[in-house]
Amino acid sequence: AGAFSSYYNALLVKYDSTGNAQWAQTTTAASDQTIYYSVSASPDGMSVYAAGYLRGTSNYTWGNSVTSRGSSTHDNVVLVKYNSSGVAQWAQTVTAGSSNSYFYGVSVASDGSVYAAGNISGTGIYNFGNSVTAAGKSNGSNPVLVKYSSSGVAQWAQTVTAGSNDFSILFSVSVASDGSVY
């Protein structure tokens, strides 16, 4: 059972090739809802990444003493790395941002780098850690793509630099064998 009893708890389940559950992971301490929208296994099968959001500024525990804390009282992106046994390795969220942010897609490259796609709301600056920031251009939703190293360090973030649409979102991301990101 998830740690938050009033609403949603992020859940990740590993199944074997015949459909038998091997393990399941969720938050072990949470004061509000968490959701995973996407999951991607590394090409070597040694790790798996789950992307979504957590709500609020409280501490969230993902197991194995791995914690994260959102920067906004709204929804905050979250990316969690687990090993192949389901043990949390690290969790990342925004360290600055004043409104909603979501990761809807995640993909792992052959070199171990991780790409998370989603959106940030409003024109404020969002910090993904390691001084990697993105600022929205629209008062609505702005697409965002963030690259992380396999150890969870943000490398860069991209969003639109112009446009007048109030709702632009990236729902998925894929990395080609040559390193191209779509």
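Residues numbered from 1 in each chain as written. Predicted model: local features only at pLDDT ≥ 70, side-chain atom pairs only at ≥ 80, totals over all residues. Heavy atoms only, no water.

**Structural notes on the pattern of salt bridges**
Reasoning step 1: Considering all chains together, one arrives at 1 salt bridge under this definition.
Reasoning step 2: Between arginine 55 and aspartate 75 there is a salt bridge, with its nearest N and O atoms 2.6 Å apart. With a gap of 20 residues between them, arginine 55 in strand β4 (residues 47–55) and aspartate 75 in strand β7 (residues 75–83) connect regions that are remote in the sequence.
Reasoning step 3: Accessibility expressed as a relative area gives 26% for arginine 55, which makes it partly exposed.
Reasoning step 4: When its relative accessible area of 5% is taken as the criterion, aspartate 75 is described as buried. (Salt bridge = Lys/Arg side-chain N within 4 Å of Asp/Glu carboxyl O. Helix = DSSP H or I, 4+ residues; strand = E, 2+ residues; numbered from the N terminus. Buried < 20%, exposed > 50% of the residue type's maximum accessible area, 1.4 Å probe, protein only.)

**Regarding the pairing of strand β10 (residues 114–121)**
Reasoning step 1: Across the 8 residues of β10, 8 count as buried, placing the element largely inside the fold.
Reasoning step 2: Burial along β10 is two-sided: the face carrying Val114, Ala116, Gly118 and Ile120 and the face carrying Tyr115, Ala117, Asn119 and Ser121 are both buried.
Reasoning step 3: Relative to strand β13 (residues 141–148), β10 runs antiparallel, the two sharing 8 bridges. Its bridge partner lying in β13, glycine 118 is registered against valine 144. (Pairing = 2+ DSSP bridges.)

**Concerning the nonpolar core**
Reasoning step 1: Ranked by internal contacts, the top residues of the largest apolar core, which has 21 residues, are Tyr49, Leu79, Phe103, Phe128, Val146 and Tyr148.
Reasoning step 2: Only β4, β7, β9 (101–108), β10, β13 and β14 (154–159) provide two or more residues apiece to this core.
Reasoning step 3: Setting aside chain neighbours within four positions, we find leucine 79 in contact with Tyr49, Ala50, Ala51, Trp90, Ala91, Gln92, Phe103, Val106, Val114 and Tyr148.
Reasoning step 4: One finds Tyr36, Val48, Val66 and Ala91 within the second-largest nonpolar core, a separate group that totals 16 residues. (Core = buried A, V, L, I, M, F, W, Y, C linked by side-chain atoms within 4.5 Å. Contact = heavy atoms within 4.5 Å.)

**Some words on the environment of threonine 18**
Reasoning step 1: In this structure, threonine 18 sits in the loop between β1 (11–15) and β2 (21–26).
Reasoning step 2: At 2.8 Å, the side chain of threonine 18 and the side chain of aspartate 16 are in polar contact. (Polar contact = N/O pair within 3.5 Å; in protein donor to acceptor, adjacent residues only side chain to side chain.)

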